[in-house]
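Chain by chain, the residues:
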Amino acid sequence: SAPPQINLRVTGYQPDGCTFPVQVEQTQEGNTITVRIYRVLPPDIMCTMQLVPYDETIPLGSFQSGTYSIDVNGTVITVNVS
């Protein structure tokens, strides 16, 4: 598309069996995109001790041509947009 779109596919695990919604926050500073994925759990909640798969595609939006660093909860990847 014009301008190019970036969609971020994130796979991993939630560390417990609680079914609270996942929050996604995105910020950009220059060519660095920071994505924070987390859940807010009440302090007195009891959850099962099981790993739950997480697999989402997150649309990051439109970007101009260039090289971008994407930081997802501390894991950084580099993408080239043309």
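Before reading further, recall that the structure is shown in the block above.
Quick caveat, the model's predicted, so the values are computed rather than measured.

Criteria and thresholds
Residues numbered from 1 in each chain as written. Predicted model: local features only at pLDDT ≥ 70, side-chain atom pairs only at ≥ 80, totals over all residues. Heavy atoms only, no water. Salt bridge = Lys/Arg side-chain N within 4 Å of Asp/Glu carboxyl O. Helix = DSSP H or I, 4+ residues; strand = E, 2+ residues; numbered from the N terminus. Buried < 20%, exposed > 50% of the residue type's maximum accessible area, 1.4 Å probe, protein only. Disulfide = S-S within 2.5 Å. Contact = heavy atoms within 4.5 Å.

Participant: Which residues make up the pattern of salt bridges, and what are the values?
Facilitator: For the coordinates displayed, the defined rule picks out three salt bridges. A salt bridge links Arg-9 to Asp-55; the shortest N-O distance between them is 2.7 Å. Placement of the pair is Arg-9 in strand E1 (residues 5–14) and Asp-55 in strand E4 (residues 52–62), with a sequence separation of 46 residues. Measuring nitrogen to oxygen at the nearest pair gives 3.6 Å for the salt bridge that ties Arg-36 to Glu-25. Of this pair, Arg-36 sits in strand E3 (residues 32–39) while Glu-25 sits in strand E2 (residues 22–29); the two residues are eleven residues apart in sequence, bridging distant segments of the chain. Using a relative accessible area of 44% as the deciding quantity, one classes Arg-36 as partly exposed. Residue Glu-25 is classed as partly exposed on the basis of its relative accessible area of 37%.

Participant: Please give an account of unusual backbone geometry that cites residues and values.
Facilitator: Most peptide bonds take the trans form, and the phi angle of most residues other than glycine is negative. A positive phi angle is found at Asn-73, which is not glycine, with a value near 50 degrees. For Asn-73, the location among the structural elements is in the loop between strand E5 (66–72) and strand E6 (75–81).

Participant: Mind laying out the state of the cysteines, listing which residues take part and the relevant values?
Facilitator: Taken as a whole and assessed by the stated rule, the structure comprises one disulfide. The disulfide that involves Cys-18 links it to Cys-47, with 1.4 Å between the sulfurs. Because the torsion about its S-S bond is -80 degrees, the bridge between Cys-18 and Cys-47 counts as left-handed. Of the two residues, Cys-18 is situated in the loop between E1 and E2 and Cys-47 in the loop between E3 and E4; the sequence distance between them amounts to 29 residues. Among the residues examined, Cys-18 registers a relative accessible area of 12% and is labelled buried.

Participant: Describe the environment of Gly-61, naming the residues involved and giving the relevant values.
Facilitator: Turning to its location among the elements, Gly-61 is positioned in strand E4. Taking the C-alpha atoms as reference, Gly-61 lies 13 Å from Arg-9; in sequence the two are 52 residues apart. When neighbours within four sequence positions are excluded, Gly-61 is seen to be in contact with Pro-4, Gln-5 and Ile-6.

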